[in-house]
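Okay, here's what each chain looks like letter by letter:
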Amino acid sequence: MTEIPEHLLKRSKAAKAKASGEAVPSDDTSETSATPVAAAAQTPAAPAANLPNLDPEPEPAKPVPAFVAASQLRKRIPIWVMPVIAALPIWAYSFAGTMQQPEVEDVLFVDAAIEYNSCASCHGAAGGGGVGLKLSEGEVLQTFPEPIDQIAHVARGSAAIANNPYGAVRDDGERRVAFASGGHMPAQAGALNMLQLELVVFHERAVLSGEDTDSEAYQEWMEHMREEIESGGLDTAASVDNIDLLLACANPEYTPGAIGVGPADDSQRCPGPGEVEEGAEEAAAAE
Ligand code: HEC
């Protein structure tokens with residue numbers, strides 16, 4: 001903002017006084033002695049009198065342009081977009097669904113994995129071993145060529161056969177000896193029912209150790225477990241009270257104390273892929 005020089009203000013007062021007939025303020029005389037040229041040089045612009053009021057006027061609000069006003073009135077997102085936005089997550093979900101292969105959930109594998117959780121603390125989630133022996137990469141298949149002997153071993157535990165050899169001759173030419181690993185396998189007969197026992201053994205063999213499941217007998221066993229699961233077999237009391245049945249079914253070559261003749265009672269079946277039943281049929285045919 002331009003300052004109005006002091007002397008100009010004084011001269012303005014003097015001019016006004018002169019016009020109204022008042023006495024010129026005395027101290028103005030020295031000022032007026034300045035040469036007109038100098039005065040002119042100092043005041044190039046507006047005449048001394050009638051100086052405009054330089055206080056800035058309050059600016060009037062600018063009128064809002066029509067297009068801005070229209071934009072302010074308009075709703076930000078058109079209403080018809082709302083259902084589209086609401087449907088986006090559904091679309092995203094279904095789109096993601098088309099990106100992957102349809103997954104068929106097999107209760108057998110799902111529940112077998114769940115049951116195996118109680119073994120994982122000692123044998124490892126993937127069967128790699130720990131406190132318990134390694135079961136993966138075919139290890140458990142070396143000890144137990146057939147599921148039934150493994151089922152009997154898990155049910156009975158290793159304390160029942162302490163220091164006895166069990167299982168088949170392994171790749172290193174030796175058989176396992178109970179307790180030789182420094183730990184013992186806790187008996188599961190009181191903790192699991194027969195279906196659960198079959199499931200953990202199935203998981204250890206087929207899933208963790210990659211056993212071939214293609215044979216008809218094996219597929220029948222898997223189907224049997226599926227049916228048992230679907231008819232509520234996992235809800236029944238967790239107790240295998242019939243170790244005798246397991247010993248009747250297991251192979252005496254691999255399982256100490258086993259008989260290997262199959263169930264005495266026709267209403268019972270041997271757990272596992274039913275190899276013993278076939279053997280029993282052969283035996284019956286030979287008689
Ligand atoms: C408290 C730890 C512990 C738990 C829990 C446990 N095991 Fe074991 N398991 C062992 C030990 C230790 C051995 C070796 C025992 C021995 O040397 O006599 C073993 C041995 C075995 C063997 C024999 C393997 C071979 O090649 O000789 C199998 C099969 C087995 N366990 C299955 C199971 C299953 C199935 C479960 C769950 C239901 C389970 N274990 C839970 C500690 C455990």
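Residues numbered from 1 in each chain as written. Predicted model: local features only at pLDDT ≥ 70, side-chain atom pairs only at ≥ 80, totals over all residues. Heavy atoms only, no water.

Caption draft 1: Summary view of the coordination of the iron atom of the ligand. The coordination sphere of the iron atom of the ligand, as far as protein atoms go, consists of H123 (NE2) and M185 (SD), spread over 1.9 to 2.1 Å. For the iron atom of the ligand, the 6 donor atoms are set out with angles of 87 to 179° between them, so the coordination reads as octahedral. Here H123 is found in helix α6 (residues 107-123), whereas its partner M185 is found in the loop between β2 (176-177) and α9 (194-208), with 62 residues between them in sequence. (Donors = N, O, S within 2.8 Å, 3.2 Å for Na, K, Ca; no water. Tetrahedral: all angles 85-135°; square planar, octahedral: opposite > 155°, others 65-115°. Helix = DSSP H or I, 4+ residues; strand = E, 2+ residues; numbered from the N terminus.)

Caption draft 2: Representation of the site of the ligand in the model. Around the ligand sit 29 residues in total, of which C119, C122, H123, S181 and M185 are the nearest. Within the side chain of H123, a nitrogen or oxygen atom sits 2.7 Å from a nitrogen atom of the ligand. Contact distances for the ligand include 2.7 Å between an oxygen atom and a side-chain N or O atom of T143. In this structure the site holding the ligand corresponds to the largest pocket. (Near = heavy atom within 4 Å. Polar contact = N/O pair within 3.5 Å; in protein donor to acceptor, adjacent residues only side chain to side chain. 1 Å grid on protein atoms, 1.4 Å probe; cavity = no way out; pocket = protein on both sides within 12 Å on 5 of 7 lines; lining within 4 Å. Sits in = over half its atoms within 2 Å of the grid points.)

Caption draft 3: Up close: the packing of aromatic side chains. Under the defined criterion, the tally for this structure stands at 4 aromatic pairs. Centroid distance F202 to W221: 5.9 Å. Interplanar angle 85°. Geometry classified as edge-to-face. Residue F202 is found in helix α9, and its partner W221 is found in helix α10 (residues 216-230); the two are separated by 19 residues along the sequence. Residue classification places W221 among the buried positions, given a relative accessible area of 1%. A connected cluster of aromatic rings, assembled from ring pairs, spans F109, F202, Y218 and W221. (Phe/Tyr/Trp six-rings, centres within 6.5 Å; stacked < 30°, edge-to-face > 60°. Buried < 20%, exposed > 50% of the residue type's maximum accessible area, 1.4 Å probe, protein only.)

Caption draft 4: Local environment of the packing of α6 against α9. Here α6 crosses α9 at 100°, and the two axes come no closer than 8 Å. Taken together, the axis directions place α6 and α9 in an arrangement best described as roughly perpendicular. Where α6 abuts α9, its residues L108, F109, D111, A112, A113, E115, Y116 and C119 lie against Q196, L199, V200, F202, H203, E204, V207 and L208. The residue makeup of the contact of α6 with α9, split by class, is 11 nonpolar, 2 polar and 3 charged. (Axes fitted to C-alpha atoms, helices over the stretch in contact; angles between N-to-C directions. Parallel < 35°, antiparallel > 145°, perpendicular 65-115°, else oblique. Contact = heavy atoms within 4.5 Å. Nonpolar A, V, L, I, M, F, W, Y, C, P; charged D, E, K, R; others polar.)

Caption draft 5: The confidence of the model for the chain, seen in detail. On average, residues of the chain carry a pLDDT of 83, and 79% of them reach 70 or more. A low-confidence stretch, residues 26-36 stays under pLDDT 50, and its non-local contacts, those more than four residues away or across chains, total 3 contacts. Throughout residues 276-280 the model reports pLDDT below 50, and contacts reaching past four residues in sequence, or to other chains, amount to 9 contacts. (pLDDT = per-residue confidence, 0-100.)

Caption draft 6: Broad picture of α6. Between its first and last C-alpha atoms α6 spans 23 Å; for 17 residues at 1.5 Å apiece the expected length is 24 Å, and the two agree. The principal kink in α6, of about 50°, is found at N117. Of the residues making up α6, those classed as buried are L108, D111, A112, E115, Y116, C119, A120 and H123. Taken together, the buried residues of α6 touch α9 and α10. Capping the start of α6 is the job of one residue whose side-chain oxygen sits 2.9 Å from the backbone nitrogen of L108: D106. Positive backbone phi, at 85°, marks G124, one or two positions downstream of α6. (Expected span 1.5 Å × (residues − 1). Bend = angle between axes of the 7 residues up to and from the residue.)

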